Structures are given as C-alpha cells and as structure tokens.
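Structure assessment
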Amino acid sequence: VQLVESGGGLVQPGGSLRLSCAASGNTFGSYTTAWFRQAQGKEREFVAARRWSGGTAIYADSVKGRFSISRDTALTTVYLQMNNLNDEDTAVYYCAAGRPIRSTMETVSAYYYWGQGTQVTVSS
C-alpha cells in the first residue's frame, strides 16, 4: 500500500485544515489507519487512529474534541479534520496503515505503511 498525504499548509491559530491520505495499491478496508505527527526536535507522536472494520476512533488527549478521522466510502482516502488549531499543533503529519492490536494502535512501530508527511504550520 502506498500512502500520499496532502492538505497541509499555513493556518492562523483557531483555524481549520483537512488533511487527506490517499492509498494506492490497495484500499484501507482491512487496515487500521492512523495519523501521527512530528514536531521539529521531537519524537513522532500519535494523533488519531481508526480500525475501519467496525472499530471506533481513538484520539490523543491533546486533540480530542478538535480533530476527527474519517474516510470516503470507497475506503481509498482517509481524512483528518483539524479544528481550533493552535501553535502546538505545528508539525509534519504522517498517515500510516497497519494491523495493530488494540493495545498498540498508538504505537509507531505497529504500522508498516507510511506516507511522506505533510507540513502543518499554525502561526499568526
């Protein structure tokens, strides 16, 4: 599965962005998909994930209530809607796919397909 993110950019505090992650070579149907982010000088951290075969979404506490993970009906594109952004959300955002068990859904090493990342900068 090849993953390509898009939708990043510069946004003012309080603004919104929607990131997209397009899959080629397969659909997301049998995978859990996740979003991670990595700020400059920091480790990659979990943002959100969802198992599309009947699972619910999980979110990092720092984004809960502001971010939402969704997908298109064809299961070829996954989205991350980001609202009420603040400067702590500035990072490179990565889409990932894998088949982690529930207890490892927030773990970087549980995913084996990754996109190239898209930069999100929140600044006035």
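Our subject in this report is the structure included herewith.

**Observations regarding the nonpolar core**
Looking at soluble globular proteins, one finds that nonpolar side chains tend to be buried together. One finds Phe 28, Trp 35, Leu 80, Met 82 and Tyr 93 to be the most contacted residues of the largest nonpolar core, which totals 37 residues. Sorting the residues of this core by element identifies strand E3 (17-24), strand E4 (32-38), strand E5 (45-51), strand E7 (67-71), strand E8 (77-82), strand E9 (91-98) and strand E11 (118-122) as the ones contributing at least two each. Ranked by the residues each element gives to this core, the list is headed by E9, at five residues. Once residues lying within four places of it in the same chain are set aside, the contact partners of Tyr 93 are Glu 5, Leu 19, Trp 35, Phe 36, Arg 37, Val 47, Phe 67, Leu 80, Met 82, Gly 117, Thr 118 and Val 120.

**A few points about the sheet that holds E8**
Spatially, E1-E3-E8-E7 is the arrangement adopted by the four strands of the open sheet, whose pairing is antiparallel. Strands with a single pairing partner mark the edges of an open sheet, and in this sheet they are strand E1 (2-6) and E7. Mean inter-strand twist for the sheet, computed between neighbouring axes without regard to direction, equals 15 degrees. Strand direction decides the pairing type here: E1 and E3, joined by five bridges, are antiparallel. Bridge assignment links Glu 5 to a residue of E3, and that residue is Cys 21.

The rules behind these values
Residues numbered from 1 in each chain as written. Predicted model: local features only at pLDDT ≥ 70, side-chain atom pairs only at ≥ 80, totals over all residues. Heavy atoms only, no water. Core = buried A, V, L, I, M, F, W, Y, C linked by side-chain atoms within 4.5 Å. Buried < 20%, exposed > 50% of the residue type's maximum accessible area, 1.4 Å probe, protein only. Helix = DSSP H or I, 4+ residues; strand = E, 2+ residues; numbered from the N terminus. Contact = heavy atoms within 4.5 Å. Pairing = 2+ DSSP bridges. Axes fitted to C-alpha atoms, helices over the stretch in contact; angles between N-to-C directions.

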